[in-house]
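In case you want the letters, here they are:
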Amino acid sequence: MGKEPFFAKGLNFSCQRCSACCRYDAGFVFLSETDLEKLTSLLKMERENLKKVYCRWVTDWDGERVLSLKEKANKDCIFWDSGCTVYESRPLQCITFPFWSSIVDSPDCWEVAASGCPGINYGKLHTKEEIDNCIKLRKSQPIINKTGGAA
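This next bit is on the side chain of aspartate 76. With respect to the helices, strands and loops of the structure, aspartate 76 is situated in the loop between strand E3 (65-69) and helix H3 (92-96). You can call aspartate 76 buried: its relative accessible area is 4%. Discounting chain neighbours no more than four positions away, the residues touching aspartate 76 are Cys22, Arg23, Tyr24 and Glu71.

As a further point, take the packing of aromatic side chains. Each aromatic ring pair is described using two quantities: the centre-to-centre distance and the angle formed by the ring planes. Overall, the coordinates contain nine aromatic pairs when judged by the stated rule. Here the aromatic rings of phenylalanine 13 and phenylalanine 97 are separated by 6.2 Å at their centres, their planes lie at 85°, and the arrangement is edge-to-face. Taken as a pair, phenylalanine 13 in strand E1 (residues 11-13) and phenylalanine 97 in the loop between H3 and helix H4 (107-114) lie far apart in primary sequence, 84 residues in all. Each of the two residues, phenylalanine 13 as well as phenylalanine 97, counts as buried.

Thresholds, definitions, all that
Residues numbered from 1 in each chain as written. Predicted model: local features only at pLDDT ≥ 70, side-chain atom pairs only at ≥ 80, totals over all residues. Heavy atoms only, no water. Helix = DSSP H or I, 4+ residues; strand = E, 2+ residues; numbered from the N terminus. Buried < 20%, exposed > 50% of the residue type's maximum accessible area, 1.4 Å probe, protein only. Contact = heavy atoms within 4.5 Å. Phe/Tyr/Trp six-rings, centres within 6.5 Å; stacked < 30°, edge-to-face > 60°.

This is the structure in structure tokens:
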């Protein structure tokens, strides 16, 4: 068996509703087919129109062109307006924060994320199984890439 992850005993996180993860800094909210379907249903928009109004193609870390939500000029998420306006249909990336593989990769990555999020290391203890499930769920819903498929 391999070495246990640093989060083997769980990690504390409770969202403080500060919206720091939705505002102020540039960032990407990558979209899967499921995310796009949920948003088109909620907003009652055709897929291509929703992509034109609310999305953009960006280059990810692997050089792939992938679909992401737009940001406002002030770097807020396109769907932030005194809170998330699509909360019940928010993308999986938002739902699973901060339990992303890139954040739970190491204690150092976790602490870097904690420096910008007051909910990390606070509140509810999430088990290793819960964290693993977030990672698996994200992997099961690949990001849409420019070629029309999943990245």
